[in-house]
Amino acid sequence: MTILIQGTTIVTADDADAVLHDAAIAIEDGRIAALGPTADLRARFPQAEAIDGRDRAVLPGFANLHTHLGMTLARGVFEDLSPPHRPPFCGGLSPLPLPALSAEEHVVMCQLGALEAIRSGTTALLEDGADLARHAPAMAATGLRMLLTERAWDRTGADIGDPSPFAASEALAERSLGRIAALHAAWDGKAEGRIRVGVSAWAPDMCSPGLLRRLADLRDRLDAPATIHLNQIWGEVAAVQAHRGMLPTEYLAESGFLHHRLICAHCRCMAAVEEKILGRAGAQVSFNPAIAARRGLSPRISVLQAAGCRIGIGTDNMAEDMVEAMRTGLFMERIRREDGRDPAPEEALRWATRNGYAAMGMPDGGWLAPGNKADLILVRTDRAHLVPRLRIVSAFVHQGQAGDVDGVMVDGRWVMRDGRVLTMDEPAIIGAADRIARAAWSRLFAERPDLPRPAGFAP
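Analysis parameters
Residues numbered from 1 in each chain as written. Predicted model: local features only at pLDDT ≥ 70, side-chain atom pairs only at ≥ 80, totals over all residues. Heavy atoms only, no water. Helix = DSSP H or I, 4+ residues; strand = E, 2+ residues; numbered from the N terminus. Buried < 20%, exposed > 50% of the residue type's maximum accessible area, 1.4 Å probe, protein only. Contact = heavy atoms within 4.5 Å. Areas by Shrake-Rupley, 256 points an atom, 1.4 Å probe, with all protein chains shown as cover. Lys, Arg positive; Asp, Glu negative; His and termini not counted. Charge placed at Lys NZ, Arg CZ, Asp CG, Glu CD. Pairing = 2+ DSSP bridges. Right-handed = clockwise from strand over helix to strand, strands pointing away. Expected span 1.5 Å × (residues − 1). Salt bridge = Lys/Arg side-chain N within 4 Å of Asp/Glu carboxyl O. Axes fitted to C-alpha atoms, helices over the stretch in contact; angles between N-to-C directions. Parallel < 35°, antiparallel > 145°, perpendicular 65-115°, else oblique. Left-handed = near helix turned anticlockwise from the far one by under 90°. Nonpolar A, V, L, I, M, F, W, Y, C, P; charged D, E, K, R; others polar. Disulfide = S-S within 2.5 Å. Phe/Tyr/Trp six-rings, centres within 6.5 Å; stacked < 30°, edge-to-face > 60°. Lys NZ or Arg CZ within 6 Å of the ring centre and 35° of its normal.

Here we take up the overall build of the protein chain. Assigned secondary structure in the protein chain consists of 14 helices and 17 strands. C-alpha atoms of the protein chain, sized along the principal axes, occupy 70 × 50 × 45 Å. Going through the 459 residues of the protein chain one by one, you find that 59% of them count as buried. Sequence-distant contacts in the protein chain: of pairs separated by 6 or more residues, those separated by 24 or more amount to 72%. Accessible area for the protein chain stands at about 17500 Å²; split by element, carbon and sulfur atoms hold 52% of it. One way to put it: in the protein chain the 50 positive side-chain charges average out to a point 1 Å from where the 57 negative ones average out.

Turning our eyes to something else, we now look at the side chain of Arg-56. Inspection of the secondary structure assignment puts Arg-56 in strand β5 (residues 56-60). Aside from chain neighbours lying at most four places away, what touches Arg-56 is Thr-8, Thr-9, Leu-378, Val-379, Arg-380, Thr-381, Asp-382 and Asp-406.

Once that is clear, we can look at the pairing of strand β6 (residues 62-67). Counting buried positions over the six residues of β6 gives six, a clear majority of the element. The sheet contact formed by β6 and strand β7 (residues 122-129) spans four bridges and is parallel. In the sheet register, Ala-63 faces β7, and the bridge partner there is Ala-124. Between the parallel elements β6 and β7, the chain passes through helix α2 (residues 103-119) in a crossover that is right-handed.

Moving on to helix α14 (residues 426-447). With 22 residues, α14 extends 32 Å between its outermost C-alpha atoms, agreeing within 8% with the 32 Å of an ideal straight helix rising 1.5 Å per residue. Among the residues making up α14, those that are buried are Glu-426, Ile-429, Ala-432, Ala-433, Ile-436, Ala-437, Ala-440, Trp-441, Leu-444 and Phe-445. Tucked inside the fold, the buried residues of α14 contact α2 and β17 (420-421).

Turning our attention to the pattern of salt bridges. Across all of its chains, the model carries 31 salt bridges by this definition. With a shortest N-O distance of 2.9 Å, Asp-15 and Arg-354 are connected by a salt bridge. Residue Asp-15 is found in the loop between β1 (3-11) and β2 (19-28), and its partner Arg-354 is found in helix α12 (residues 345-359); the two are separated by 339 residues along the sequence. A relative accessible area of 68% means that Asp-15 is categorised as exposed. What you see here is one network of salt bridges that share partners, running through Glu-333, Arg-336, Arg-337 and Asp-342.

A separate point is the environment of Ile-392. Mapped onto the secondary structure, Ile-392 falls in helix α13 (residues 392-399). Distance in space between the C-alpha atoms of Ile-392 and Ala-428 is 35 Å, their sequence separation being 36 residues.

The next subject is the packing of helix α5 (residues 209-222) against helix α7 (residues 248-255). Running from N to C, α5 and α7 point in directions that differ by 60 degrees, and their axes come no closer than 9 Å. Classified by the angle their axes make, α5 and α7 are oblique. Helix-helix and strand crossings are classified by hand; for α5 and α7 the assignment is right-handed. Across from Pro-209, Leu-212 and Arg-213 in α5, the residues of α7 making contact are Tyr-251, Leu-252 and Ser-255. Broken down by class, the residue content of the contact of α5 with α7 amounts to four nonpolar, one polar and one charged.

In this section: the state of the cysteines. Cysteine pairs can be linked by a disulfide, which is a covalent bond between their two sulfur atoms. For the structure shown, the criterion picks out zero disulfides. No disulfide involves Cys-207; its sulfur sits 13 Å from the nearest other cysteine sulfur, which is in Cys-264.

Moving on, we get to the environment of Ala-395. Within the secondary structure, Ala-395 is located in helix α13. On the basis of relative accessible area, Ala-395 is assigned to the buried category, the value being 13%. Taking C-alpha positions, Ala-395 is 8.7 Å from Pro-345, a pair spaced 50 residues apart along the chain. Ala-395 has contacts with Leu-386 and Gly-400, leaving out every residue within four places of it along the chain.

Here we take up the side chain of Asp-154. Note on placement: Asp-154 falls in the loop between β8 (145-152) and α4 (170-187). Arg-244 provides the closest opposite charge to the buried, salt-bridge-free Asp-154, at an N-O distance of 6.4 Å. Once residues lying within four places of it in the same chain are set aside, the contact partners of Asp-154 are Phe-166, Ala-167, Ala-168, Ser-169, Leu-172, Ala-173, Met-206, Cys-207, Ser-208 and Leu-211.

Glancing now at the pairing of β7. With eight of eight residues buried, β7 lies mostly within the body of the structure. Examined bridge by bridge, β7 and β8 share six bridges and lie parallel to one another. Counted as the bridge partner of Asp-128 is Thr-149 from β8. The parallel pair β7 and β8, bridged by helix α3 (residues 136-141), forms a crossover whose chirality is right-handed.

On to the packing of aromatic side chains, then. On inspection of all chains with the given rule, the structure shows six aromatic pairs. Ring geometry for Phe-287 versus Trp-351: centroids 6.0 Å apart, planes at 75 degrees, classification edge-to-face. One end of the pair, Phe-287, is in strand β12 (residues 284-287); the other, Trp-351, is in helix α12, and 64 residues separate them in sequence. Through successive ring pairs, a cluster of aromatic residues spans Phe-78, Trp-441, Phe-445 and Phe-457. Sitting over the face of the ring of Phe-166, Arg-244 holds its NZ or CZ atom 4.6 Å from the ring centroid.

Have a look at this one:
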């Protein structure tokens with residue numbers, strides 16, 4: 001069945017940043033068949049299912065280049081507990097541990113994250129973590145496109161940002177590599193190709209040179225993208241310097257892990273020489289602006305771009321709202337550059353859509369053109385904060401909200417339509433996730449009375 005969304009505004013995110021008015025888009029077999037004037041496409045596809053696109057804009061779906069869906073468990077907690085930016089560094093990203101969950105409870109928290117992702121217009125995301133096989137079936141059922149990157153590390157007895165001596169565990173390395181291979185064998189190409197599997201090295205200070213070389217070999221053997229948390233906090237930089245006598249990006253290059261298919265998350269505590277090294281490698285950078293703002297640290301995006309890096313957008317921890325992340329990225333870069341015009345909203349949209357798809361190895365997604373993947377969203381434009389409808393890209397980037405997203409399509413299939421998520425039981429997931437999280441945090445504080453409760457914590 002051909003679908004024809006007609007009488008609408010189409011934001012293509014193509015090379016010319018073209019916006020088509022009173023236009024239509026035809027979708028067949030999971031791909032975009034045509035774009036053009038409504039009258040022309042009606043005549044060309046007379047048997048299509050016609051969808052009224054008035055008071056809507058069609059945009060490419062968002063590609064979240066770095067997230068951890070299960071971290072919804074820490075929403076409202078970890079955002080305000082960042083580690084110190086100056087010595088002494090203690091390791092870890094929060095003074096509070098994450099409460100333990102059963103496998104079933106963890107799946108629900110990941111479903112909550114996926115639900116928020118859909119509602120904010122995400123069509124593809126990169127999920128980084130360990131034991132992703134636990135929630136892979138539930139994620140495939142969401143209808144989203146996902147790159148699952150199973151995490152590897154071999155440092156034991158420490159966390160990110162701890163400059164204490166590096167103790168390596170060969171057993172830990174073997175388990176990590178085995179999980180990646182097993183997840184790839186079980187899930188790569190599944191869900192009609194929507195699920196792909198990649199390689200993740202946790203962070204430079206959590207991986208030995210030998211493990212990084214083995215991960216690079218595995219990446220090449222699987223022909224898969226790879227990712228890493230890079231220059232995330234100053235403690236990580238101090239730890240790598242203490243362990244290896246060099247900066248984190250220099251260490252990746254020395255170990256053979258730096259590559260044009262490597263997606264480097266964060267890059268916000270970075271020396272100028274590292275930005276140049278990343279650019280020469282043609283590496284991908286996941287700019288995670290919302291968490292960067294919460295941490296009080298941000299990368300030099302214009303410098304990384306000029307060096308040769310492709311920039312995408314990620315949400316990282318506790319949130320999946322790509323509309324917020326895109327806008328925050330625009331604002332933070334304008335503040336950092338002291339420039340009220342640069343970057344333009346069209347560039348921020350490209351970071352959040354086309355660049356993310358390309359970084360994940362899908363150059364035919366994230367922008368609207370004949371032959372590309374039919375991964376798109378419908379945005380309601382009849383909103384007080386989006387009217388007058390003069391420059392839709394600027395209005396949506398500057399003032400848009402996740403709640404404006406009215407429809408989400410992946411591979412030509414509706415995941416959300418007319419504001420209703422079709423692939424998930426939204427009320428059940430929200431209710432279960434709230435109960436699970438409240439109980440988990442209550443258990444933690446009961447078992448650990450030495451831990452300080454954050455201000456305003458619910459009983």
